[in-house]
Amino acid sequence: MRKPRADKKQELLMVVAKVFREKGYHAASMDDLAKACALQKGSLYHYFESKEQILRDIIQPCLEFALYEFERIHLSKATPESKLRRALELLMTSIESHLNTMTVLLREDRSIANPYKESYIAQRDRLEDYLERFLKEGIEMGVFRKTDTKLVTKALFGMCNWAVVWYHPDGRLEARK
């Protein structure tokens, strides 16, 4: 059996992410996904073992990219304010430029099944740990006032993550503003 082309698989993932964003993971059938991809259902299985694998294949690269970038920010010599700003800007620009995949990542996490769910939660928690670390650095340096860093971290992520609901590419708001 020939291995599917990686670029074709990526193209299909982008189409499926749009379907998941519009219909929701559970409401979208494999027939819906195949139709959106202009494939027979059986042909979709040539690229993916299951709908669950498709979900993982959409989510995992988003998480890996964010973790890589947050690590780079953490290792930089930037000020705590700059680190925090860069991390939040990364989240918002990711939503702006990859709205479908980011929506799937942020709204369909409840649909992830074990054992992958445990890995997803660990990666998500690492992202939160980085943001909290940036806040703690700022507090230690006297740049930010003393606060409950866990609560502020949750609030910042919640604020950014909610953008998948209100952000529209043709709207008046941009990620960097």
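The structure presented is a predicted model; accordingly, all values stated were derived computationally and were not measured. (Residues numbered from 1 in each chain as written. Predicted model: local features only at pLDDT ≥ 70, side-chain atom pairs only at ≥ 80, totals over all residues. Heavy atoms only, no water.)

Draft legend 1. Structural detail: the nonpolar core. By size, the foremost hydrophobic cluster in this structure holds 50 residues, and its most contacted members are Phe20, Leu33, Ile54, Ile58, Ile59, Phe70 and Leu131. Once residues within four sequence positions are removed from consideration, Ile59 is found in contact with Val104, Leu105, Ile112, Tyr116 and Tyr120. (Core = buried A, V, L, I, M, F, W, Y, C linked by side-chain atoms within 4.5 Å. Buried < 20%, exposed > 50% of the residue type's maximum accessible area, 1.4 Å probe, protein only. Contact = heavy atoms within 4.5 Å.)

Draft legend 2. Quick look at unusual backbone geometry. Across the junction of Asn114 and Pro115, the peptide omega takes the value 5°, indicating a cis bond. Take Pro115: it is sitting in the loop between helix 6 (99-107) and helix 7 (116-140). In the Ramachandran plot, Ala38 falls in the positive-phi region, its phi being about 60° despite a non-glycine side chain. (Helix = DSSP H or I, 4+ residues; strand = E, 2+ residues; numbered from the N terminus.)

Draft legend 3. Quick peek at helix 1 (residues 6-23). Taking 1.5 Å per residue as the helical rise, helix 1 with its 18 residues ought to reach 26 Å, and the 25 Å between its terminal C-alpha atoms agrees with that figure. Buried within helix 1 we find Lys8, Leu12, Leu13, Val16, Ala17, Val19 and Phe20. Structurally, helix 1 contributes buried residues whose contacts are with helix 2 (30-36), helix 3 (41-47), helix 4 (51-75) and helix 6. A positive phi of about 95° marks Gly24, the residue just after helix 1. (Expected span 1.5 Å × (residues − 1).)

Draft legend 4. Fine view of the packing of helix 4 against helix 7. The contact between helix 4 and helix 7 brings their axes to 10 Å, and the two run at 25°. Taken together, the axes of helix 4 and helix 7 are roughly parallel relative to one another. Helix 4 and helix 7 meet at a crossing whose hand is left-handed. On the side of helix 4, the interface is formed by Arg56, Ile59, Gln60, Leu63, Ala66, Leu67, Phe70, Glu71, Ile73 and His74, while helix 7 contributes Tyr116, Tyr120, Gln123, Arg126, Leu127, Tyr130, Leu131, Arg133, Phe134 and Glu137. (Axes fitted to C-alpha atoms, helices over the stretch in contact; angles between N-to-C directions. Parallel < 35°, antiparallel > 145°, perpendicular 65-115°, else oblique. Left-handed = near helix turned anticlockwise from the far one by under 90°.)

Draft legend 5. Examining the pattern of salt bridges more closely. Enumeration over the complete set of coordinates arrives at 13 salt bridges. Residue Glu22 is joined to Lys18 by a salt bridge in which the shortest nitrogen-to-oxygen separation is 2.5 Å. In this pair, Glu22 and Lys18 both sit in helix 1, four residues apart, roughly one turn of the helix. With a shortest N-O distance of 2.8 Å, Lys154 and Glu128 are connected by a salt bridge. Note that Lys154 is positioned in helix 8 (residues 149-161) and Glu128 in helix 7, a separation of 26 residues in sequence. Three or more residues are tied together by salt bridges with common partners; here these are Glu132, Lys136 and Lys150. (Salt bridge = Lys/Arg side-chain N within 4 Å of Asp/Glu carboxyl O.)

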